[in-house]
Amino acid sequence: MRAERIETVRRILCVFPRYTSAFGTFEYSYPLTDGVQAFMPPQGLLLIAAYLPENWQVRFVDENIRPATQEDFEWAEAVFVSGMHIQRQQMNDICRRAHAFDLAVAIGGPSVSACPDYYPSFDYLHVGELGDATDELIARLARDTSRPERQVVLETTNRVPMTEFPIPAYELAEVKRYFLGSIQYSSGCPYQCEFCDIPGLYGRNPRLKTPQQIIAELDRLRECGVTDTIYFVDDNFIGNRKAAVELLPHLIEWQKRTGYVVRLACEATLNIAKRPEILEKMREAFFVTIFCGIETPDPDALKAMHKDHNMMVPILEGVRTINSYGMEVVSGIIMGLDTDKPETGEALLAFIDESKIPLLTINLLQALPKTPLWDRLERENRLNHDESRDSNVEFLLPYDQVIGSWRKCMEIAYQPEKLYARYQYQCDFTYANQLKMPVSPEQKSWANIKRGLIILRNIIWKVGVLGDYRKVFWKFALGRLRRGDIEGLISSALIAHHLIMFARAASVGQQNASNYSMRLREASVPAE
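Residues numbered from 1 in each chain as written. Predicted model: local features only at pLDDT ≥ 70, side-chain atom pairs only at ≥ 80, totals over all residues. Heavy atoms only, no water.

Asker: Whenever I open this one, unusual backbone geometry confuses me. Can you help?
Answerer: Leaving glycine aside, a negative phi is the common case for residues, and trans is the common case for peptide bonds. In this model, Phe286 sits at a positive phi of 65°, which is unusual for a non-glycine residue. In this fold, Phe286 is placed in the loop between α9 (276-284) and β12 (287-295). (Helix = DSSP H or I, 4+ residues; strand = E, 2+ residues; numbered from the N terminus.)

Asker: Explain the sheet that holds β12 here, please?
Answerer: The strands that make up a sheet are held in pairs by hydrogen bonds between backbone atoms, and each pair lies either parallel or antiparallel. Judged by pairing direction, the sheet is parallel, and its six strands sit side by side in the order β7-β10-β11-β12-β13-β14 without closing on themselves. Edge strands, defined here as strands with exactly one partner in the open sheet, are β7 (181-183) and β14 (360-364). For this sheet the average axis-to-axis angle between neighbouring strands, irrespective of direction, equals 20°. Alignment of β7 against strand β10 (residues 229-232), held across three bridges, turns out to be parallel. Looking at β10, one finds that Ser182 is bridged to Tyr231. (Pairing = 2+ DSSP bridges. Axes fitted to C-alpha atoms, helices over the stretch in contact; angles between N-to-C directions.)

Asker: How should I be thinking about the sheet that holds strand β1 (residues 11-16) in this particular structure?
Answerer: On the basis of which strands lie adjacent, the open sheet formed by six strands has the order β2-β1-β3-β4-β5-β6 and parallel pairing. If you trace the sheet from one side to the other, it starts and ends with β2 (57-62) and β6 (152-155), each paired once. Between one strand and the next, the sheet's axes are offset by a mean angle of 20°, whatever the strand orientation.

Asker: Sorry if this is basic, but what is going on with the packing of aromatic side chains here?
Answerer: Aromatic ring pairs are described here by two measures, namely the spacing of the ring centres and the angle between the planes. Scanning the entire structure with this criterion turns up 19 aromatic pairs. Summarising the aromatic geometry, the rings of Phe232 and Phe237 are spaced 5.4 Å apart at their centres and angled 70° between planes, so their arrangement reads as edge-to-face. Pair check on accessibility: Phe232 and Phe237 agree, each one buried. Ring pairs connect the aromatic residues Phe26, Tyr30, Phe39 and Phe179, which therefore count as one cluster. Its end group placed over the ring of Tyr118, Arg88 keeps NZ or CZ at 3.8 Å from the ring centre. When the ring centre of Tyr425 is taken as reference, the NZ or CZ atom of Lys356 above it lies at 5.8 Å. (Phe/Tyr/Trp six-rings, centres within 6.5 Å; stacked < 30°, edge-to-face > 60°. Buried < 20%, exposed > 50% of the residue type's maximum accessible area, 1.4 Å probe, protein only. Lys NZ or Arg CZ within 6 Å of the ring centre and 35° of its normal.)

Asker: Is there a simple way to explain the packing of helix α11 (residues 315-324) against helix α12 (residues 344-355) in this structure?
Answerer: The relative placement of two packed helices comes down to the angle between their axes together with the axis-to-axis distance. One can describe the packing of α11 onto α12 by two numbers: an axis separation of 10 Å at closest approach and a directional angle of 30°. In terms of their interaxial angle, α11 and α12 are classed as roughly parallel. Crossing of α11 against α12: the hand is right-handed. Across the interface between the two elements, Ile315, Leu316, Val319 and Arg320 from α11 touch Phe351, Glu354 and Ser355 from α12. (Parallel < 35°, antiparallel > 145°, perpendicular 65-115°, else oblique. Left-handed = near helix turned anticlockwise from the far one by under 90°. Contact = heavy atoms within 4.5 Å.)

Asker: It is not clear to me how the environment of Lys242 should be interpreted in this structure. Could you clarify?
Answerer: When you line up the elements, Lys242 lands in helix α8 (residues 241-258). Spatially, the C-alpha atoms of Lys242 and Ile278 are 9.7 Å apart, while their sequence positions differ by 36 residues.

Asker: What should I look at first to understand the nonpolar core in this one?
Answerer: The nonpolar side chains of a soluble globular protein tend to be buried, and buried together. In this structure, Phe232, Phe237, Leu251, Phe287 and Tyr414 are the most contacted members of the largest nonpolar core, which totals 155 residues. Looking at which element gives the most residues to this core, the answer is helix α18 (residues 486-507), with eleven residues. Ignoring sequence-local partners within four residues, the contact set of Phe232 consists of Ile183, Tyr185, Ile214, Phe237, Leu247, Leu251, Leu264, Ala265, Cys266, Glu267 and Phe287. Membership of the second largest hydrophobic core comes to 28 residues, among which are Leu13, Ala68, Val81 and Phe122. (Core = buried A, V, L, I, M, F, W, Y, C linked by side-chain atoms within 4.5 Å.)

Any functional reading would require information that these geometric values do not contain.
The structure is reproduced here in C-alpha coordinates:
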(Lines give C-alpha, C1' and ligand atoms only; values in the text may rest on other atoms or scores of the structure.)
Protein backbone atom coordinates (compact mmCIF):
# COMPACT_ATOMS: atom_id res chain seq x y z
CA MET A 1 0.00 0.00 0.00
CA ARG A 2 0.92 3.67 -0.34
CA ALA A 3 -0.12 6.75 1.55
CA GLU A 4 -3.44 8.11 0.31
CA ARG A 5 -3.32 10.24 -2.80
CA ILE A 6 -3.11 13.95 -1.97
CA GLU A 7 -4.07 16.58 -4.52
CA THR A 8 -1.11 18.76 -3.62
CA VAL A 9 1.96 17.50 -5.48
CA ARG A 10 5.33 17.70 -3.72
CA ARG A 11 8.93 17.08 -4.73
CA ILE A 12 10.81 15.03 -2.11
CA LEU A 13 14.58 14.50 -2.17
CA CYS A 14 15.65 11.36 -0.28
CA VAL A 15 19.35 11.44 0.62
CA PHE A 16 21.23 8.52 2.14
CA PRO A 17 24.44 9.56 3.96
CA ARG A 18 27.90 8.43 3.06
CA TYR A 19 29.61 5.77 5.15
CA THR A 20 33.13 6.15 6.41
CA SER A 21 35.53 3.24 5.97
CA ALA A 22 34.16 0.18 7.75
CA PHE A 23 35.01 -3.48 8.07
CA GLY A 24 31.61 -4.61 6.89
CA THR A 25 31.10 -2.44 3.82
CA PHE A 26 33.90 -3.97 1.70
CA GLU A 27 35.04 -0.75 0.09
CA TYR A 28 38.54 -2.10 -0.62
CA SER A 29 36.87 -4.65 -2.90
CA TYR A 30 35.11 -2.09 -5.09
CA PRO A 31 38.13 -1.27 -7.34
CA LEU A 32 38.30 -4.96 -8.24
CA THR A 33 34.71 -5.03 -9.51
CA ASP A 34 33.03 -3.72 -12.65
CA GLY A 35 31.90 -0.42 -11.13
CA VAL A 36 30.53 -1.13 -7.64
CA GLN A 37 30.53 2.00 -5.48
CA ALA A 38 28.39 1.18 -2.43
CA PHE A 39 27.44 -1.70 -0.15
CA MET A 40 23.65 -2.29 -0.21
CA PRO A 41 20.59 -0.27 -1.24
CA PRO A 42 19.14 1.35 1.92
CA GLN A 43 15.84 -0.34 2.68
CA GLY A 44 14.40 2.41 4.88
CA LEU A 45 14.59 5.38 2.51
CA LEU A 46 13.51 3.31 -0.48
CA LEU A 47 10.51 2.05 1.49
CA ILE A 48 9.50 5.61 2.41
CA ALA A 49 9.98 6.67 -1.22
CA ALA A 50 7.58 3.91 -2.31
CA TYR A 51 5.06 4.81 0.42
CA LEU A 52 4.71 8.47 -0.53
CA PRO A 53 1.59 9.47 -2.49
CA GLU A 54 1.88 8.14 -6.03
CA ASN A 55 1.51 11.60 -7.56
CA TRP A 56 4.42 13.02 -5.52
CA GLN A 57 7.76 13.27 -7.28
CA VAL A 58 10.64 11.53 -5.54
CA ARG A 59 14.36 11.69 -6.20
CA PHE A 60 16.80 9.37 -4.41
CA VAL A 61 20.51 10.09 -3.92
CA ASP A 62 22.94 7.73 -2.19
CA GLU A 63 25.98 9.81 -1.32
CA ASN A 64 28.11 6.68 -1.35
CA ILE A 65 27.63 6.84 -5.13
CA ARG A 66 27.35 10.58 -5.77
CA PRO A 67 26.75 13.67 -3.63
CA ALA A 68 23.45 15.52 -3.59
CA THR A 69 24.04 18.52 -5.86
CA GLN A 70 22.89 22.10 -5.90
CA GLU A 71 20.46 21.13 -8.65
CA ASP A 72 19.00 18.38 -6.42
CA PHE A 73 18.37 20.80 -3.56
CA GLU A 74 16.97 23.47 -5.88
CA TRP A 75 14.57 20.89 -7.35
CA ALA A 76 13.32 19.69 -3.95
CA GLU A 77 10.58 21.09 -1.72
CA ALA A 78 11.63 18.93 1.27
CA VAL A 79 14.45 16.53 2.13
CA PHE A 80 14.24 13.11 3.82
CA VAL A 81 17.30 11.54 5.50
CA SER A 82 17.81 8.21 7.25
CA GLY A 83 20.71 6.26 8.68
CA MET A 84 22.51 4.65 11.59
CA HIS A 85 24.52 6.06 14.48
CA ILE A 86 27.81 5.80 12.59
CA GLN A 87 26.41 8.13 9.92
CA ARG A 88 25.41 10.78 12.47
CA GLN A 89 27.88 13.43 11.34
CA GLN A 90 27.06 12.86 7.69
CA MET A 91 23.32 13.14 8.36
CA ASN A 92 23.79 16.40 10.23
CA ASP A 93 25.90 17.66 7.33
CA ILE A 94 23.11 16.84 4.83
CA CYS A 95 20.74 18.82 7.06
CA ARG A 96 23.11 21.78 7.06
CA ARG A 97 23.39 21.73 3.26
CA ALA A 98 19.62 21.46 2.81
CA HIS A 99 19.04 24.37 5.20
CA ALA A 100 21.31 26.49 3.02
CA PHE A 101 18.48 26.21 0.47
CA ASP A 102 15.87 26.88 3.18
CA LEU A 103 14.45 23.37 2.81
CA ALA A 104 12.60 21.53 5.56
CA VAL A 105 14.48 18.36 6.48
CA ALA A 106 13.00 15.23 8.07
CA ILE A 107 15.06 12.41 9.57
CA GLY A 108 13.92 8.86 10.29
CA GLY A 109 15.51 5.48 10.81
CA PRO A 110 17.22 3.56 13.62
CA SER A 111 19.56 6.29 14.88
CA VAL A 112 17.01 9.04 15.45
CA SER A 113 14.52 6.48 16.77
CA ALA A 114 17.00 5.51 19.49
CA CYS A 115 18.54 8.94 20.11
CA PRO A 116 16.38 11.90 19.01
CA ASP A 117 18.69 14.27 20.90
CA TYR A 118 21.47 13.52 18.38
CA TYR A 119 19.64 15.62 15.78
CA PRO A 120 18.75 19.07 17.15
CA SER A 121 18.98 20.84 13.77
CA PHE A 122 16.42 18.77 11.86
CA ASP A 123 12.96 20.21 11.31
CA TYR A 124 11.09 16.91 11.66
CA LEU A 125 12.11 13.86 13.68
CA HIS A 126 10.35 10.66 12.61
CA VAL A 127 10.72 8.31 15.57
CA GLY A 128 9.79 4.68 15.02
CA GLU A 129 8.75 2.59 12.04
CA LEU A 130 6.44 3.24 9.11
CA GLY A 131 3.04 4.21 10.49
CA ASP A 132 0.89 7.05 11.74
CA ALA A 133 3.92 9.31 12.22
CA THR A 134 4.70 8.86 8.52
CA ASP A 135 1.14 9.79 7.57
CA GLU A 136 1.31 12.87 9.79
CA LEU A 137 4.59 13.97 8.24
CA ILE A 138 3.12 13.59 4.74
CA ALA A 139 0.01 15.54 5.76
CA ARG A 140 2.08 18.38 7.21
CA LEU A 141 4.23 18.65 4.10
CA ALA A 142 1.13 18.54 1.90
CA ARG A 143 -0.17 21.60 3.75
CA ASP A 144 3.10 23.51 3.95
CA THR A 145 6.70 22.70 3.01
CA SER A 146 8.24 25.71 4.74
CA ARG A 147 10.42 25.05 7.77
CA PRO A 148 8.49 24.96 11.07
CA GLU A 149 9.36 27.53 13.73
CA ARG A 150 10.59 24.81 16.07
CA GLN A 151 11.50 21.16 15.73
CA VAL A 152 8.54 18.77 15.34
CA VAL A 153 8.82 15.26 16.79
CA LEU A 154 6.48 12.66 15.28
CA GLU A 155 6.46 9.26 16.98
CA THR A 156 4.82 6.16 15.53
CA THR A 157 2.25 4.54 17.78
CA ASN A 158 0.39 2.55 15.11
CA ARG A 159 2.71 0.78 12.72
CA VAL A 160 1.77 -0.22 9.20
CA PRO A 161 1.62 -4.04 9.11
CA MET A 162 4.51 -5.43 7.11
CA THR A 163 1.95 -7.33 5.03
CA GLU A 164 0.88 -3.90 3.73
CA PHE A 165 4.37 -2.57 2.97
CA PRO A 166 4.89 -1.45 -0.63
CA ILE A 167 7.84 -2.81 -2.59
CA PRO A 168 10.78 -0.50 -1.83
CA ALA A 169 11.49 1.87 -4.72
CA TYR A 170 14.49 -0.11 -5.97
CA GLU A 171 14.00 1.48 -9.38
CA LEU A 172 15.19 4.83 -7.93
CA ALA A 173 18.53 3.33 -6.92
CA GLU A 174 21.40 2.40 -9.21
CA VAL A 175 21.27 -1.19 -8.00
CA LYS A 176 24.10 -2.31 -10.29
CA ARG A 177 26.40 0.01 -8.33
CA TYR A 178 25.87 -1.97 -5.11
CA PHE A 179 28.01 -4.82 -3.82
CA LEU A 180 24.92 -6.72 -2.65
CA GLY A 181 21.20 -6.52 -3.21
CA SER A 182 19.08 -6.22 -0.07
CA ILE A 183 15.64 -7.37 1.01
CA GLN A 184 13.76 -7.38 4.31
CA TYR A 185 11.43 -10.20 5.34
CA SER A 186 10.90 -9.56 9.05
CA SER A 187 11.44 -7.01 11.81
CA GLY A 188 12.29 -7.79 15.43
CA CYS A 189 14.00 -10.64 17.28
CA PRO A 190 12.76 -12.86 20.13
CA TYR A 191 16.11 -12.93 21.92
CA GLN A 192 17.37 -10.33 24.40
CA CYS A 193 21.14 -10.28 23.98
CA GLU A 194 22.47 -7.65 26.37
CA PHE A 195 24.31 -5.57 23.77
CA CYS A 196 21.62 -5.55 21.05
CA ASP A 197 19.14 -2.71 20.45
CA ILE A 198 16.85 -4.61 18.06
CA PRO A 199 14.26 -5.76 20.66
CA GLY A 200 14.13 -2.23 22.10
CA LEU A 201 13.61 -0.64 18.69
CA TYR A 202 11.50 -3.22 16.85
CA GLY A 203 10.14 -5.61 19.46
CA ARG A 204 10.62 -9.28 20.35
CA ASN A 205 7.75 -10.68 18.30
CA PRO A 206 8.98 -10.69 14.68
CA ARG A 207 6.64 -9.00 12.22
CA LEU A 208 6.59 -10.53 8.77
CA LYS A 209 5.91 -9.96 5.11
CA THR A 210 4.11 -12.66 3.16
CA PRO A 211 6.04 -15.04 0.89
CA GLN A 212 4.18 -13.46 -2.04
CA GLN A 213 5.57 -10.03 -1.10
CA ILE A 214 9.11 -11.41 -0.96
CA ILE A 215 8.81 -13.05 -4.38
CA ALA A 216 7.47 -9.79 -5.83
CA GLU A 217 10.41 -7.89 -4.34
CA LEU A 218 12.90 -10.43 -5.67
CA ASP A 219 11.37 -10.06 -9.13
CA ARG A 220 11.64 -6.27 -8.86
CA LEU A 221 15.29 -6.48 -7.80
CA ARG A 222 16.00 -8.68 -10.81
CA GLU A 223 14.16 -6.26 -13.10
CA CYS A 224 16.34 -3.46 -11.74
CA GLY A 225 19.53 -5.33 -12.54
CA VAL A 226 20.59 -7.38 -9.49
CA THR A 227 22.42 -10.47 -10.70
CA ASP A 228 24.67 -11.62 -7.85
CA THR A 229 23.79 -11.94 -4.17
CA ILE A 230 20.70 -10.71 -2.35
CA TYR A 231 21.05 -10.30 1.40
CA PHE A 232 18.13 -10.73 3.78
CA VAL A 233 18.77 -7.87 6.19
CA ASP A 234 16.46 -9.34 8.85
CA ASP A 235 17.99 -9.34 12.32
CA ASN A 236 17.30 -13.07 12.57
CA PHE A 237 16.03 -15.05 9.58
CA ILE A 238 14.73 -17.76 11.92
CA GLY A 239 13.30 -15.37 14.52
CA ASN A 240 10.03 -17.05 13.57
CA ARG A 241 11.04 -20.56 12.52
CA LYS A 242 7.58 -21.55 11.34
CA ALA A 243 7.44 -18.55 9.00
CA ALA A 244 10.93 -19.30 7.66
CA VAL A 245 9.85 -22.86 6.89
CA GLU A 246 6.81 -21.52 5.04
CA LEU A 247 8.88 -19.03 3.03
CA LEU A 248 11.61 -21.39 1.84
CA PRO A 249 9.55 -23.44 -0.67
CA HIS A 250 8.56 -20.17 -2.36
CA LEU A 251 12.24 -19.18 -2.62
CA ILE A 252 13.08 -22.59 -4.07
CA GLU A 253 10.37 -22.27 -6.73
CA TRP A 254 11.54 -18.73 -7.53
CA GLN A 255 15.12 -19.94 -8.01
CA LYS A 256 13.95 -22.71 -10.30
CA ARG A 257 11.90 -20.22 -12.32
CA THR A 258 14.76 -17.74 -12.67
CA GLY A 259 17.56 -20.25 -13.23
CA TYR A 260 19.39 -19.95 -9.91
CA VAL A 261 21.16 -16.82 -11.11
CA VAL A 262 21.04 -15.15 -7.68
CA ARG A 263 22.70 -16.36 -4.50
CA LEU A 264 21.03 -15.64 -1.17
CA ALA A 265 22.49 -14.71 2.22
CA CYS A 266 21.04 -13.90 5.62
CA GLU A 267 21.63 -13.42 9.34
CA ALA A 268 20.56 -16.10 11.81
CA THR A 269 21.35 -17.32 15.29
CA LEU A 270 23.80 -20.20 15.50
CA ASN A 271 21.12 -22.55 16.84
CA ILE A 272 19.96 -22.85 13.22
CA ALA A 273 22.47 -25.71 13.20
CA LYS A 274 19.90 -27.73 15.17
CA ARG A 275 17.38 -27.37 12.36
CA PRO A 276 18.48 -29.66 9.50
CA GLU A 277 15.06 -29.37 7.88
CA ILE A 278 15.60 -25.59 7.56
CA LEU A 279 19.22 -25.91 6.45
CA GLU A 280 18.31 -28.40 3.73
CA LYS A 281 15.64 -26.09 2.33
CA MET A 282 18.04 -23.14 2.51
CA ARG A 283 20.55 -25.15 0.51
CA GLU A 284 17.85 -25.86 -2.09
CA ALA A 285 17.03 -22.13 -2.19
CA PHE A 286 20.73 -21.43 -2.85
CA PHE A 287 21.61 -19.65 0.38
CA VAL A 288 25.40 -19.51 0.37
CA THR A 289 26.21 -17.41 3.44
CA ILE A 290 24.82 -17.09 6.97
CA PHE A 291 26.01 -14.35 9.29
CA CYS A 292 25.95 -15.74 12.83
CA GLY A 293 26.55 -13.57 15.86
CA ILE A 294 28.87 -16.02 17.57
CA GLU A 295 30.28 -13.05 19.59
CA THR A 296 32.77 -15.16 21.56
CA PRO A 297 33.77 -18.82 21.94
CA ASP A 298 33.79 -18.35 25.76
CA PRO A 299 30.70 -20.03 27.33
CA ASP A 300 30.92 -17.84 30.45
CA ALA A 301 30.82 -14.71 28.29
CA LEU A 302 27.84 -15.99 26.28
CA LYS A 303 25.94 -16.67 29.48
CA ALA A 304 26.76 -13.21 30.85
CA MET A 305 25.43 -11.49 27.70
CA HIS A 306 22.28 -13.63 27.71
CA LYS A 307 23.21 -15.43 24.52
CA ASP A 308 22.74 -18.93 25.90
CA HIS A 309 21.11 -20.02 22.62
CA ASN A 310 24.60 -20.05 21.09
CA MET A 311 25.38 -22.98 23.38
CA MET A 312 22.48 -25.16 22.26
CA VAL A 313 25.06 -26.87 20.06
CA PRO A 314 28.87 -26.73 20.46
CA ILE A 315 30.00 -23.72 18.43
CA LEU A 316 32.53 -25.51 16.23
CA GLU A 317 30.07 -28.33 15.62
CA GLY A 318 27.42 -25.78 14.64
CA VAL A 319 29.77 -24.10 12.18
CA ARG A 320 30.70 -27.45 10.61
CA THR A 321 27.03 -28.42 10.33
CA ILE A 322 26.17 -25.21 8.47
CA ASN A 323 29.21 -25.71 6.21
CA SER A 324 28.02 -29.23 5.41
CA TYR A 325 24.94 -27.71 3.76
CA GLY A 326 27.12 -25.58 1.46
CA MET A 327 26.79 -22.35 3.45
CA GLU A 328 29.77 -20.32 4.61
CA VAL A 329 29.52 -18.91 8.12
CA VAL A 330 30.37 -15.26 8.65
CA SER A 331 30.78 -14.47 12.31
CA GLY A 332 30.36 -11.44 14.53
CA ILE A 333 32.94 -11.31 17.34
CA ILE A 334 33.04 -8.91 20.29
CA MET A 335 36.14 -8.03 22.33
CA GLY A 336 36.21 -5.96 25.50
CA LEU A 337 33.61 -8.02 27.36
CA ASP A 338 33.59 -8.02 31.15
CA THR A 339 34.55 -11.69 31.07
CA ASP A 340 37.62 -11.09 28.88
CA LYS A 341 41.02 -12.00 30.27
CA PRO A 342 44.54 -11.02 29.17
CA GLU A 343 44.71 -14.27 27.16
CA THR A 344 41.33 -13.75 25.40
CA GLY A 345 42.99 -12.54 22.21
CA GLU A 346 45.08 -15.69 21.90
CA ALA A 347 42.02 -17.84 22.53
CA LEU A 348 40.14 -15.99 19.80
CA LEU A 349 42.94 -16.52 17.29
CA ALA A 350 42.97 -20.23 18.13
CA PHE A 351 39.19 -20.33 17.56
CA ILE A 352 39.58 -18.64 14.19
CA ASP A 353 42.18 -21.19 13.12
CA GLU A 354 40.04 -24.10 14.28
CA SER A 355 36.71 -22.86 12.90
CA LYS A 356 38.12 -22.03 9.46
CA ILE A 357 35.71 -19.05 9.28
CA PRO A 358 37.26 -16.63 6.75
CA LEU A 359 35.30 -13.49 7.62
CA LEU A 360 34.82 -12.44 11.23
CA THR A 361 33.72 -8.90 12.07
CA ILE A 362 35.85 -8.39 15.16
CA ASN A 363 34.53 -5.36 17.06
CA LEU A 364 35.15 -3.78 20.42
CA LEU A 365 32.12 -3.77 22.69
CA GLN A 366 30.06 -0.61 22.26
CA ALA A 367 27.05 0.23 24.41
CA LEU A 368 24.10 1.33 22.30
CA PRO A 369 21.12 3.27 23.67
CA LYS A 370 17.97 1.22 24.26
CA THR A 371 19.97 -1.89 25.27
CA PRO A 372 20.26 -3.67 28.63
CA LEU A 373 24.03 -3.16 28.33
CA TRP A 374 23.64 0.62 28.18
CA ASP A 375 21.33 0.58 31.20
CA ARG A 376 23.70 -1.62 33.23
CA LEU A 377 26.82 0.38 32.43
CA GLU A 378 24.99 3.62 33.14
CA ARG A 379 24.09 2.29 36.59
CA GLU A 380 27.72 1.26 37.11
CA ASN A 381 28.97 4.66 35.89
CA ARG A 382 30.96 2.90 33.14
CA LEU A 383 29.83 4.86 30.07
CA ASN A 384 32.47 7.12 28.58
CA HIS A 385 31.20 9.65 26.02
CA ASP A 386 34.64 10.81 24.82
CA GLU A 387 34.26 10.44 21.03
CA SER A 388 38.02 10.22 20.54
CA ARG A 389 37.88 6.71 22.03
CA ASP A 390 37.25 3.49 20.12
CA SER A 391 34.49 2.50 22.54
CA ASN A 392 32.17 4.20 25.00
CA VAL A 393 32.65 1.37 27.51
CA GLU A 394 34.96 1.55 30.50
CA PHE A 395 36.42 -1.95 30.24
CA LEU A 396 37.43 -4.00 33.26
CA LEU A 397 40.81 -4.59 31.61
CA PRO A 398 42.99 -1.53 30.87
CA TYR A 399 41.74 0.33 27.81
CA ASP A 400 45.11 0.31 26.01
CA GLN A 401 45.45 -3.41 26.63
CA VAL A 402 42.05 -4.11 25.05
CA ILE A 403 42.86 -1.93 22.03
CA GLY A 404 46.25 -3.59 21.63
CA SER A 405 44.69 -7.05 21.79
CA TRP A 406 42.12 -6.10 19.14
CA ARG A 407 44.79 -4.75 16.81
CA LYS A 408 46.90 -7.86 17.25
CA CYS A 409 43.93 -10.11 16.46
CA MET A 410 43.17 -8.11 13.32
CA GLU A 411 46.80 -8.23 12.22
CA ILE A 412 47.23 -11.98 12.71
CA ALA A 413 43.77 -13.22 11.71
CA TYR A 414 43.94 -11.46 8.35
CA GLN A 415 47.49 -12.24 7.36
CA PRO A 416 47.18 -13.28 3.70
CA GLU A 417 48.52 -16.78 4.34
CA LYS A 418 46.06 -17.47 7.15
CA LEU A 419 43.08 -15.94 5.39
CA TYR A 420 43.64 -17.75 2.09
CA ALA A 421 44.12 -21.03 3.97
CA ARG A 422 40.65 -20.54 5.45
CA TYR A 423 39.23 -19.76 2.01
CA GLN A 424 40.92 -22.88 0.64
CA TYR A 425 39.04 -24.87 3.25
CA GLN A 426 35.76 -23.22 2.25
CA CYS A 427 36.33 -24.06 -1.40
CA ASP A 428 37.16 -27.69 -0.62
CA PHE A 429 34.68 -28.45 2.15
CA THR A 430 31.88 -25.87 2.08
CA TYR A 431 31.33 -24.58 -1.44
CA ALA A 432 31.68 -28.18 -2.66
CA ASN A 433 28.43 -28.94 -0.79
CA GLN A 434 26.44 -26.26 -2.60
CA LEU A 435 23.60 -27.15 -4.90
CA LYS A 436 24.82 -28.11 -8.36
CA MET A 437 22.69 -26.93 -11.23
CA PRO A 438 23.13 -26.47 -15.00
CA VAL A 439 24.40 -23.12 -16.19
CA SER A 440 21.45 -20.95 -17.19
CA PRO A 441 21.24 -19.03 -20.49
CA GLU A 442 21.61 -15.78 -18.56
CA GLN A 443 24.83 -16.97 -16.95
CA LYS A 444 26.15 -17.98 -20.39
CA SER A 445 25.25 -14.60 -21.90
CA TRP A 446 28.01 -12.41 -23.25
CA ALA A 447 27.10 -9.61 -20.83
CA ASN A 448 27.62 -11.92 -17.84
CA ILE A 449 30.80 -13.44 -19.24
CA LYS A 450 32.18 -9.98 -20.01
CA ARG A 451 31.44 -8.83 -16.48
CA GLY A 452 33.25 -11.84 -15.02
CA LEU A 453 36.25 -11.24 -17.27
CA ILE A 454 36.46 -7.59 -16.18
CA ILE A 455 36.47 -8.57 -12.50
CA LEU A 456 38.98 -11.37 -13.10
CA ARG A 457 41.24 -8.98 -15.02
CA ASN A 458 41.10 -6.44 -12.19
CA ILE A 459 41.90 -9.08 -9.58
CA ILE A 460 44.83 -10.49 -11.55
CA TRP A 461 46.29 -7.04 -12.25
CA LYS A 462 45.75 -5.35 -8.90
CA VAL A 463 46.36 -8.36 -6.69
CA GLY A 464 48.25 -10.91 -8.79
CA VAL A 465 50.65 -8.42 -10.41
CA LEU A 466 50.74 -5.29 -8.26
CA GLY A 467 49.77 -6.77 -4.89
CA ASP A 468 52.43 -7.34 -2.24
CA TYR A 469 50.82 -10.66 -1.25
CA ARG A 470 50.68 -11.93 -4.84
CA LYS A 471 52.58 -15.17 -4.07
CA VAL A 472 49.88 -16.20 -1.60
CA PHE A 473 47.20 -15.19 -4.08
CA TRP A 474 48.68 -17.19 -6.95
CA LYS A 475 49.09 -20.32 -4.82
CA PHE A 476 45.35 -20.18 -4.17
CA ALA A 477 44.35 -18.96 -7.64
CA LEU A 478 46.20 -21.61 -9.62
CA GLY A 479 44.51 -24.32 -7.62
CA ARG A 480 41.08 -22.85 -8.36
CA LEU A 481 41.91 -22.37 -12.04
CA ARG A 482 43.05 -25.99 -12.38
CA ARG A 483 39.66 -27.06 -11.04
CA GLY A 484 37.82 -24.64 -13.30
CA ASP A 485 36.46 -22.87 -10.24
CA ILE A 486 36.44 -19.29 -11.53
CA GLU A 487 33.52 -18.35 -9.31
CA GLY A 488 35.30 -19.54 -6.14
CA LEU A 489 38.42 -17.66 -7.17
CA ILE A 490 36.59 -14.39 -7.82
CA SER A 491 34.36 -14.43 -4.74
CA SER A 492 37.19 -15.36 -2.38
CA ALA A 493 39.70 -12.89 -3.83
CA LEU A 494 37.23 -9.97 -3.75
CA ILE A 495 36.45 -10.36 -0.06
CA ALA A 496 39.98 -11.37 0.93
CA HIS A 497 41.46 -8.19 -0.54
CA HIS A 498 39.17 -6.01 1.54
CA LEU A 499 39.87 -7.97 4.71
CA ILE A 500 43.62 -7.85 4.24
CA MET A 501 43.75 -4.14 3.46
CA PHE A 502 41.30 -3.12 6.18
CA ALA A 503 43.08 -5.25 8.80
CA ARG A 504 46.42 -3.69 7.91
CA ALA A 505 45.00 -0.23 8.47
CA ALA A 506 43.30 -1.37 11.67
CA SER A 507 46.44 -2.90 13.14
CA VAL A 508 48.21 0.49 13.03
CA GLY A 509 45.28 2.46 14.42
CA GLN A 510 43.90 3.85 11.15
CA GLN A 511 40.48 2.19 11.50
CA ASN A 512 37.92 2.17 14.28
CA ALA A 513 37.86 -0.83 16.57
CA SER A 514 34.07 -0.66 16.68
CA ASN A 515 31.66 -0.18 13.79
CA TYR A 516 29.63 2.01 16.14
CA SER A 517 32.46 4.25 17.31
CA MET A 518 32.46 7.93 16.38
CA ARG A 519 36.28 8.08 16.38
CA LEU A 520 37.76 9.25 13.07
CA ARG A 521 34.30 10.09 11.71
CA GLU A 522 35.41 13.68 11.13
CA ALA A 523 37.90 12.26 8.63
CA SER A 524 35.17 10.94 6.36
CA VAL A 525 35.72 11.73 2.71
CA PRO A 526 32.79 13.42 0.95
CA ALA A 527 31.43 11.77 -2.16
CA GLU A 528 33.16 12.96 -5.30
